[in-house]
Amino acid sequence: MKLNNKTFVVLASVLALTGCNNLFSKHVKCDDEAATSLVTKVLQDDLAQSLEHELKQLIKNGAIKDLDPAKLKLSAQNIQFSMVDSRTDFIDPNSPKTTCTIDLTATIPAELVKRSDEARAKVDAASVEQHANNLGVNYENNKVHLTLEYVLQPTDKGDKVLALLKNTSNVQTLLSETLTYAFLKPQIEKNQIKSLEASKAAIQRNDANNAIYDANNEAIVAADAATEAEQAAQEATAAAEGDYESY
């Protein structure tokens, strides 16, 4: 099973600038609490959108007949994002844009990772850790670490701030597919049970057909033997009558 990999480029604005900036500056500070809250919300929204995309594909492919689709999107709430040590990389003198970096940690509950790995193993897919390595994501002990790059920019009216996240694509792919495999585990197990039952039924039918075939062959052999015995008896009788007549 291969899930869909996506590239995330998100531009979002929902938080007011009130209190987050100096009245004499058009730039938003990287460590502003409202700005970092916005970045967290963008991360959460990105993940929700990714899971929604996965869900549409799964429904289209008929892959979740026995599952509640709503549970996949709800699982995104289990991912905890935390950020520390913001840095200001560049304050654009010609625009209100401020380029920042911050240390991001995304924590995945151990039980979700366990379920995801169990589901992956059943379909011969890479484990969560192997998947992270393939994506070049820093993953250890159920935590994803990233030096997140983002740009903050207030609107022209100065009442909202926009946040553009630059390098979250692979992290979001890892999180999305980890949650999706964990969600699919019961369906994969049901499908495998159904497949196993179908295989057993096919074997039983084949065994029954073989038994009938063998029984038919045995009956044919017995009939042939009976015919040969009858012919031999007839020949012996004829020979005896011939000898009697000669006598």
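Scroll up for the structure.
In this report, the structure presented in the accompanying data block is examined. Since the structure is predicted, the reported quantities are computational estimates derived from the model, not experimental observations.

Bringing the overall build of the protein chain into the picture now. Check the secondary structure of the protein chain and you find five helices and six strands. Sequence-ordered secondary structure for the protein chain, helices as α and strands as β, is β-α-α-β-β-α-α-β-β-β-α. Across the protein chain, the fraction of contacts at a sequence separation of at least 24, relative to all contacts at a separation of at least 6, is 74%. Element-wise, carbon and sulfur atoms account for 51% of the exposed surface of the protein chain, whose accessible area totals about 14800 Å².

Following the sequence through the fold, K185 ends up in helix α5 (residues 169-246). K185 gets classed as buried once you look at its relative accessible area, which sits at 15%. The sequence separation of K185 and K122 amounts to 63 residues, and the corresponding C-alpha distance is 8.7 Å. Leaving out residues up to four positions away in the same chain, K185 has contacts with R115, E118 and A119. There is a polar contact of 3.4 Å between the side chain of K185 and the side chain of E118.

On to the nonpolar core. Counting residues in hydrophobic clusters, the biggest one holds 48 residues, and the most contacted among them are V39, Y150, L152 and L175. At the level of elements, α1 (33-60), β2 (80-91), β3 (98-107), α3 (110-122), α4 (128-135), β5 (143-154), β6 (161-165) and α5 are the ones that each hand at least two residues to this core. If near-sequence neighbours (up to four positions away) are discounted, L152 is found in contact with V28, K29, C30, A35, V39, P96, K97, T98, C100, V161, L162 and A163.

Take the side chain of T101 next. Turning to its location among the elements, T101 is positioned in strand β3. Classification of T101 as buried rests on a relative accessible area of 10%. If we skip the residues at most four places from it in the chain, T101 touches D85, S86, R87, D89, T147, L148, E149 and Y150.

In this structure the tally under the stated criterion is six salt bridges. Between E52 and K73 there is a salt bridge, with the nearest N and O atoms lying 3.7 Å from each other. Of this pair, E52 sits in helix α1 while K73 sits in helix α2 (residues 70-74), placing them 21 residues apart in sequence. Between E118 and K114 there is a salt bridge whose closest N-O contact spans 2.7 Å. Note that E118 and K114 are positioned in helix α3 at a spacing of four residues, about one turn of the helix. Note on E118: relative accessible area 28%, which makes it partly exposed. Through salt bridges with shared partners, a single network forms among K114, E118, K185 and E189.

Cut-offs used in this document
- Residues numbered from 1 in each chain as written.
- Predicted model: local features only at pLDDT ≥ 70, side-chain atom pairs only at ≥ 80, totals over all residues.
- Heavy atoms only, no water.
- Helix = DSSP H or I, 4+ residues; strand = E, 2+ residues; numbered from the N terminus.
- Contact = heavy atoms within 4.5 Å.
- Areas by Shrake-Rupley, 256 points an atom, 1.4 Å probe, with all protein chains shown as cover.
- Buried < 20%, exposed > 50% of the residue type's maximum accessible area, 1.4 Å probe, protein only.
- Polar contact = N/O pair within 3.5 Å; in protein donor to acceptor, adjacent residues only side chain to side chain.
- Core = buried A, V, L, I, M, F, W, Y, C linked by side-chain atoms within 4.5 Å.
- Salt bridge = Lys/Arg side-chain N within 4 Å of Asp/Glu carboxyl O.

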